[in-house]
Amino acid sequence: MVLWFIGLSLMLAVLFYANLWYGSVLIQWTDIFSVLMGKTSVTDISRVIVLEYRLPQAITALSVGMGLGVAGLLLQTIFRNPLAGPSVLGISSGASLGVAIVILLGTSLQFDWLGSTHILSELGVVFAAFSGALLVLGIILFASGRIANVVSILIIGIMIGYTVSAIVGFLQFMSHAEELHAYVLWGLGSFSNSSSEQSVFLLISMLIVVGIGFVFIKPLNALLMGESYARSVGVNTTRVQRAVIILSGLIIALATAFTGPIAFIGLAVPHLARNLFRSSNHGLLIPSVLLMGSILTLLCNLIAKLPGYDTSLPINAVTSLIGAPIVIWVIVKRGRLKKG
Amino acid sequence: MSTLLHIDSISTGYHWNTRNEVILHDNISAQVSNGEMVCMLGPNGAGKSTFMRTILGFEPLHRGQVYFDKKSLTDLSVHALAKKVAVVLTDRIDDNFLSAYEVVSSGRYPYASFTGRLKETDHQHIVEALALVGASALSSRFFRELSDGEKQRVLLARALAQDTDLIFLDEPAAFIDSPGKVELMELLRSLCQQNDKGILITTHDMEPALRFADKLWLFADQRHFQEGSPEQLIRGGSINSFFDTEEVVFNPENRRFEKRIDQNS
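A brief structural summary. Just so you know, these numbers come straight off a predicted model, no measurement behind them.

What counts, and at which threshold
Residues numbered from 1 in each chain as written. Chains lettered and ligands numbered in written order. Predicted model: local features only at pLDDT ≥ 70, side-chain atom pairs only at ≥ 80, totals over all residues. Heavy atoms only, no water. Contact = heavy atoms within 4.5 Å. Buried area = accessible area lost by both parts, 1.4 Å probe. Salt bridge = Lys/Arg side-chain N within 4 Å of Asp/Glu carboxyl O. Polar contact = N/O pair within 3.5 Å; in protein donor to acceptor, adjacent residues only side chain to side chain. Axes fitted to C-alpha atoms, helices over the stretch in contact; angles between N-to-C directions. Helix = DSSP H or I, 4+ residues; strand = E, 2+ residues; numbered from the N terminus. Parallel < 35°, antiparallel > 145°, perpendicular 65-115°, else oblique. Left-handed = near helix turned anticlockwise from the far one by under 90°. Nonpolar A, V, L, I, M, F, W, Y, C, P; charged D, E, K, R; others polar. Phe/Tyr/Trp six-rings, centres within 6.5 Å; stacked < 30°, edge-to-face > 60°. Buried < 20%, exposed > 50% of the residue type's maximum accessible area, 1.4 Å probe, protein only.

With 34 residues of chain B at the contact, the number on the chain A side is 24 residues. Across the chain B to chain A interface the summed buried area is about 2,500 Å²; carbon plus sulfur atoms make up 58%. Taken as a group, Val78(B), Phe97(B) and Tyr109(B) account for 27% of the area that chain B buries against chain A, more than any other trio of residues on that side. On inspection of chain B and its partner chain A, the count reaches one salt bridge. The salt bridge partner of Asp94(B) is Arg80(A), with a shortest N-O separation of 3.1 Å. Applying the counting rule to chain B against chain A returns 12 residue pairs in polar contact (both at pLDDT 80 or more).

Working note: a packed helix pair is described by the angle between its axes plus the distance between those axes. Residue and element names in this part refer to chain A. Axis separation between helix H6 (residues 123-146) and helix H7 (residues 150-174) bottoms out at 10 Å; the angle between their running directions is 150 degrees. Viewed along their axes, H6 and H7 adopt a mutual orientation that is roughly antiparallel. Between H6 and H7 lies a crossing of right-handed hand. Within the contact between the two elements, H6 uses Val-136, Ile-139, Ile-140, Ala-143 and Ser-144 and H7 uses Ile-153, Ile-156, Gly-157 and Ile-160. When the residues that make up the contact of H6 with H7 are grouped by side-chain class, the tally is seven nonpolar, two polar and no charged.

Residues and elements named next belong to chain B. A full pass over the atoms with the stated rule returns 12 aromatic pairs over all chains. Relative to Phe-142, the ring of Phe-97 lies with its centre 5.7 Å away and its plane at 65 degrees, an arrangement referred to as edge-to-face. Note that Phe-97 is positioned in the loop between strand E6 (85-88) and helix H3 (100-105) and Phe-142 in the loop between helix H4 (120-132) and helix H5 (148-161), a separation of 45 residues in sequence. Look at Phe-97 and you get buried, because its relative accessible area is 4%. Within the aromatic cluster, the residues linked to one another by ring pairs are Phe-51, Trp-217, Phe-219 and Phe-225.

Attention shifts here to unusual backbone geometry. Within the chain, Lys70(B) stands out as a residue other than glycine whose phi angle is a positive 70 degrees. With respect to the helices, strands and loops of the structure, Lys70(B) is situated in the loop between strand E4 (65-68) and strand E5 (71-72).

Structure below.
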């Protein structure tokens, strides 16, 4: 088990380094080390590429990966549903709505002075996504205060998602081609929108919220046996469920704000971790989804850069292509377990 | 012998909202003491499980009061209650990777620290509880892969590990074959007597209830709750009045149901 954690950490380190090294401009892997160490012997260009582009991108991918992995695990446990994930609560749709309002209504509200491509990197989009996500989170919490049944909350989350998508569709219909293009680009997700300051901010805030997840190890383990059993050993289930919804909501809001919606990571990684360790113990799973989420996003980011063009493939498509087969594999495997 | 559970004139039922409630049973008072095995007996749908959930605080208590060790249910926190009563429920546990040992260890959560890390004494309790129900060999197996009978043993071990004076079991023998049922009831009987626990069981199975219980609580639709020893209830004709149908009659002599014989012929 310890060996697995060492192995995963090594994999993470290697992938992180590979993300700095691989790209459309060839840089010697030894040079990357010198750049990171702050040695001036390397040419300015590789320094700029590594520090200004690839490093923030790798940090963003790593932060979002660990966040989505942990959020997916928390949600799957409290909803006792293997298909729960960051998208089900409607929180990422909320983020889309915020961004849609800023980008698509941008012209009429007179803040498209930077042009559509620049809008993407603007803090305004991050702020809009975060507000939209928090708005949906607020609605879900309001509902959960009235409804004790956690499945109803799940359904409400999914319905909010549909409603928000409808509003976004309406906005898309009314907007111009240029803004529509910018919005679609945002929806495809990208790890390369953040500046180095933003990526460090994202990493630190993600570490804080993900760290809070460790507080819930004991009640989450109790919830594996269902609400009634958890209650019978002294867990205040309603309070834990609400706290976990807030926590995962914040994680998803943060992640989506900086990168756009990233599909399947939050859904697939907890299944991978459970099957790797053959355990449901959150004391083991939280650190492992944290590592595996980061590994998977860094890997996806690398794959996205494979074609070697100036621009990389849309990350949301890559994570779906990798994540969906993982989920299918897990479900097939589970079916075989039940039969045997 | 002291009273572990005192139920003081409560009513149970379904409450959709304050104006719309269906009362199943009204004004019920009863007690469970240590060393006592009580069976709540009644047909399916008579409200036994709802009653059990109500006295556990899982359903809102609208009338009357429940006392655990003289402390009222409304004053007990969820955490404090977990040290008074342990449960074996009918809820399905469908997690794939929980081992039997982990299931039993969750009984120690009320005593575990904030992080949930178990101490040496906790592990001792778990091992003892598994041994007591004869499930030591199952401890490293996945809970999901156990048979229904084995699952019930592990869940009982979990309740024992919780180290409470009271154990409530909801239909513990429902999916177990006949020899298994008798084994389980014998086991509960000996836990009652040797470990001085108070045990409350819901069941729709009359034969083991009459054979093993110290006290019966009778539940039926549209009937007022009745309490007494199996002997009293059989002699007093309560079993007959609660369970006889147009087709079958309870025979107090051999304690079995028989086809109703027309008295005129």
